Amino acid sequence: MIGELKIAIQALKMSCLSRLQYRADTILATFAVFFREATGIIVIYLTLLKFDSIHGWNVYEMLFLFSLLFLTYSIIVILYADLRDFSCMIREGRFDLLLLRPRGLLVQLISNNADVIAALGHGTLGILLFVLSAGKVGITWNFSTIIYYLGAVISGVLIQGGIFIIFSAFSFYFVETGSLREIFYWNMRKFAGYPISIFNKWIQSLMIYVVPFAFVNYFPAQFLLRKPDMAEYPTLYIYIAPFVGFFVYLIAYGFWRFSVKRYESTGN
Amino acid sequence: MRAYIEFAKKKFQNQIAYPMEVFMGILNTVLTVVIFCSIYRALYGEKSQVDGITFSMVATNFLISLGLSEVFSFDEMFLQNKYRDGTISNELLKPVNFKFRMLAENIGSSGFKLLFHFMPAVLFTCCYTSICKPKSPESLLLMAVSVMLGYLVLWLLSFIVQTWCFWIFSTWGIMVMKNVVVNILSGTMLPLWFMPDSLRKIVAYTPFQAIYFVPVQIYLGQVEGIVLAKSLLSQLLWIGILYFIGELFWRQGIRRVVVQGG
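Think of each chain on its own: its residues are numbered from 1, step by step along the sequence as written. Here chains are named by letter from A upward and ligands by number from 1 upward, in the order in which they appear as written. Side-chain atom pairs in this predicted model are given and counted only at pLDDT of 80 or more, local residue features only at pLDDT of at least 70, and totals for whole chains, interfaces and linings cover all residues.

**Student:** Got a minute to help me understand the overall build of chain B in this structure?
**Tutor:** Across its full length, chain B carries eleven helices and two strands. Elements are defined by DSSP. Helices are runs of H or I of four residues or more, strands are runs of E of two residues or more, and each kind is numbered from the N terminus. Secondary structure of chain B in N-to-C order comes out as α-α-β-β-α-α-α-α-α-α-α-α-α. As defined in this context, the radius of gyration uses C-alpha atoms, and a globule is described by 2.2 Å times the residue total to the power 0.38. On C-alpha atoms alone, chain B measures out to a radius of gyration of 20 Å, which is about the 18 Å that the 2.2 N^0.38 rule sets for 262 residues. The C-alpha extent of chain B, read off along each of the three principal axes, is 70 × 40 × 35 Å. Expressed as a percentage of the 262 residues in chain B, the buried residues total 41%. Distance between backbone-placed C-beta atoms decides contact: two residues are in contact if it is within 7 Å. Counting contacts in chain B only where the partners sit at least 6 residues apart, residues at least 24 apart contribute 82% of the total. Exposed residues have 12 or fewer other C-beta atoms within 10 Å of their own C-beta, buried residues have 20 or more, and partly exposed residues fall in between, where C-beta atoms are placed from the backbone.

**Student:** Would you take a moment to explain the overall build of chain A for this structure?
**Tutor:** In terms of regular secondary structure, chain A is built from 13 helices and zero strands. Its helices and strands taken in sequence order, chain A reads α-α-α-α-α-α-α-α-α-α-α-α-α from the N to the C terminus. In summary, chain A has a C-alpha radius of gyration of 19 Å against a globular reference of 18 Å for 268 residues, a match within 12%. If one aligns the C-alpha atoms of chain A with their principal axes, the spans along those axes are about 55 × 45 × 35 Å. In chain A, buried positions account for 40% of the 268 residues. Taking contacts inside chain A between residues at least 6 apart in sequence as the whole, the part at least 24 apart equals 82%.

**Student:** Would you explain the interface of chain A and chain B in this entry?
**Tutor:** Interfaces are often sized by the accessible area lost when the parts come together. With 27 residues of chain A in contact, the opposing surface of chain B contributes 25 residues. Among the elements of the structure, helix 2 (23-51) and helix 10 (178-191) of chain A are those that each provide at least two residues to the side of chain A that touches chain B. The leading source of residues in the side of chain A that touches chain B is helix 2 of chain A, at 15 residues. We call Asp, Glu, Lys and Arg charged. Ala, Val, Leu, Ile, Met, Phe, Trp, Tyr, Cys and Pro are nonpolar, and the rest, Gly among them, are polar. Per-class residue counts for the side of chain A that touches chain B are 17 nonpolar, six polar and four charged.

**Student:** Looking at this structure, I do not really get the environment of Cys 165 of chain B. What am I missing?
**Tutor:** Residues and elements named next belong to chain B. When you line up the elements, Cys 165 lands in the loop between helix 7 (137-163) and helix 8 (172-185). Residue class for Cys 165 comes out buried when judged on the 23 C-beta atoms lying within 10 Å of it. Among all residues touching Cys 165, those that are not within four sequence positions of it are Leu 79, Gln 80, Tyr 83 and Thr 171.

**Student:** Explanation requested: the packing of helix 3 (residues 59-79) of chain A against helix 8 (residues 116-134) of chain A in the structure shown.
**Tutor:** Helix-helix packing is characterised by the crossing angle of the two axes and by the distance between the axes. All names here are of chain A. All axes are obtained by fitting lines to C-alpha atoms, using only the stretch in contact for helices, and the reported angles, taken between N-to-C directions, cover 0 to 180 degrees. It is at 7 Å that the axes of helix 3 and helix 8 come closest, and there the two elements cross at 150 degrees. Here helix 8 runs roughly antiparallel to helix 3, going by the angle between their axes. At the point where helix 3 passes helix 8, the crossing takes the left-handed sense. From helix 3, Tyr 60, Leu 63, Phe 64, Phe 66, Ser 67, Phe 70, Leu 71, Tyr 73, Ser 74, Val 77 and Ile 78 reach across to helix 8, where they touch Ala 118, Ala 119, His 122, Gly 123, Leu 125, Gly 126, Leu 129, Phe 130, Leu 132, Ser 133 and Ala 134. Class assignment of the residues belonging to the contact of helix 3 with helix 8 gives a composition of 16 nonpolar, six polar and no charged. Any angle that is under 35 degrees is reported as roughly parallel, and any over 145 degrees as roughly antiparallel; angles of 65 to 115 degrees are reported as roughly perpendicular and all others as oblique. The hand of a helix crossing depends on one turn: near helix anticlockwise from the far one by less than a right angle means left-handed, and clockwise means right-handed.

**Student:** Any chance you could explain the nonpolar core here in plain terms?
**Tutor:** A general feature of soluble globular proteins is that nonpolar side chains tend to end up buried together. Here, a nonpolar core denotes buried Ala, Val, Leu, Ile, Met, Phe, Trp, Tyr and Cys residues that are linked to one another through C-beta atoms within 7 Å. Formed by 136 residues in total, the largest nonpolar core has its most connected members in Val 77 of chain A together with Val 33, Ile 39 and Val 153 of chain B. The element best represented in this core is helix 3 of chain A, accounting for 15 residues.

**Student:** In this structure, what is going on with unusual backbone geometry? I would like to understand it.
**Tutor:** The phi angle of most residues is negative, glycine excepted, and most peptide bonds adopt the trans form. All names here are of chain A. Despite not being glycine, Asp 52 has its phi angle at roughly 70 degrees, a positive value. For Asp 52, the location among the structural elements is in the loop between helix 2 and helix 3. Under the C-beta neighbour-count criterion, Asp 52 is labelled exposed, with 10 such atoms within 10 Å. Positive phi is not limited to glycine here, since His 55 has a value of about 50 degrees. Mapped onto the fold, His 55 is located in the loop between helix 2 and helix 3.

**Student:** Before we go on, may I ask you to explain the confidence of the model for chain B in this structure?
**Tutor:** In low-pLDDT segments, the atomic positions of the prediction should not be examined closely. When pLDDT is averaged across chain B, the result is 91; 98% of the residues are at 70 or more. Both scores are given for the predicted complex: the pTM is 0.88, the ipTM 0.87. Confidence of the predictor at the level of single residues is given by pLDDT, which spans 0 to 100.

**Student:** What am I meant to see in helix 11 (residues 225-254) of chain B here?
**Tutor:** Helical geometry note: an α-helix holds 3.6 residues per turn, so side chains three or four residues apart project in the same direction. Residues and elements named next belong to chain B. Counted at 1.5 Å a residue, the expected span for helix 11 with its 30 residues is 44 Å, and the 43 Å between its end C-alpha atoms agrees. All of the buried residues along helix 11 are Ser 231, Gln 235, Trp 238, Leu 242 and Gly 246. Taken together, the buried residues of helix 11 touch helix 7 and helix 10 (213-220). Here, expected helix span is obtained from the residue count minus one, scaled by 1.5 Å.

**Student:** How do you make sense of helix 8 of chain B when you look at a structure like this?
**Tutor:** The end-to-end C-alpha distance of helix 8 of chain B, which contains 14 residues, comes to 20 Å, matching closely the 20 Å that a straight helix rising 1.5 Å per residue would cover. Where helix 8 of chain B is concerned, the buried positions are Gly 173, Val 176, Asn 179, Val 182, Ile 184 and Leu 185 of chain B.

**Student:** Explain the environment of Arg 103 of chain A here, please?
**Tutor:** Looking at the element boundaries, Arg 103 of chain A is found in the loop between helix 6 (94-99) and helix 7 (105-112). Distance in space between the C-alpha atoms of Arg 103 of chain A and Gly 3 of chain A is 9.9 Å, their sequence separation being 100 residues.

**Student:** Can you walk me through the packing of helix 2 (residues 19-44) of chain B against helix 3 (residues 55-71) of chain B in this structure?
**Tutor:** Residues and elements named next belong to chain B. Running from N to C, helix 2 and helix 3 point in directions that differ by 150 degrees, and their axes come no closer than 9 Å. The orientation of helix 2 relative to helix 3 falls into the category roughly antiparallel. The two elements helix 2 and helix 3 cross, and the hand of that crossing is right-handed. Here Gly 25, Asn 28, Thr 29, Thr 32, Val 33, Phe 36, Cys 37, Tyr 40, Arg 41 and Tyr 44 of helix 2 lie close against helix 3, whose contacting residues are Phe 55, Val 58, Ala 59, Phe 62, Leu 63, Leu 66, Gly 67 and Glu 70. For the contact of helix 2 with helix 3, the residue count by class is eleven nonpolar, five polar and two charged.

See the structure below:
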């Protein structure tokens, strides 16, 4: 375990160093990611200048909801960058390389690469949104809320990490999984920052039970904010939110172990 | 001209080979429009209109602008990739104008997406939510003209940024920034009716509303007569200005091309 951790830290260092070779480009790219992700936030801000609130959520509460999404993602791209681009890895035959090394596959995938630019871009935005909103949404920050919040962030990372693992495992069955990810992760993530109660029942169920983004930010935020639209969902959900991540991750891990046996190289 | 039409046709046909992509493209467009409509349904609440804009008008705006933005998307790293791997030298030797060839290929794939992504998405969305009818048959026709002009405005904006690859290491970052500005100011994610007045005034002096918003206004019949003519003229004017700027960068940039070996 210690050995793996050392490898991971070494790999992270290498990711950072390789980016620093092109310093100006890295800085520019980080800004670009920051602004690309901020697009949605700017739009919400401008929209709420006109409409004041959406389904009872004011602009600060919306920013708080979004901040969880960005914070968790910035951690995810440090850990799961390889699993995010997994189908590409298989196609290029780079996955075969890992099979030859004397370490677990998932461990290698998680520790190997880090998307430093995305981590910085999303992380900065997440922290900025949190700082802007945390004091203005009426949360009393005490021991229990802080613990809950940290738990929610970890769970959020595990949920999305688990989703990446499941999608990656699909690559062992289908050649091309890009469009699947596109719809069920990237597209949904764009809207996961909105309170799910504004969507129709289908999309809500999708976001609670299938790709559980609701547990990444909506339910944790509800625990802290208690908006009236929570009445539409079982109260239990806000208490289990910090644990859903472990559950999703376990399923993902099981599915990965089951699927990886089917792997046949694409050859080169 | 024949050659360019062939380029466009080839790209058009290329896309037929991926039926899954078509299906996903439709799903993607429908999902995006439906989600934006849900957001505005929640924002409208019980109100039937805001500033004289009804919910159906908002839905129509999203269907046209978000749907078309999917149609209008193309490979914006094309020039940079050609330049980086040196294949640009072969391209420049061919007896066709490289710029127009790029445009022709992009139009080919956009034409495909217009027919097989956008049109089905329009049908689905019409079943899901109420979409305004065009003001009159003529406004539909004029809108089609305006959409083509809007495409050129967007394409030229992208082309200008693409030519910067001759000077900087990677245009990716600047391209992303350009798209942020386009997405916010062209009215795809925030209908321009609801933009704060001060910002709206600035946008009026930029090419961004000439991309999607002018076609939307023409379709809804919000501009008629002289104003409509002016809108179309403003699109043409922007095409002229942007073409000139793009040409300037292209001519300067292409001189810098040095390809080693082959």
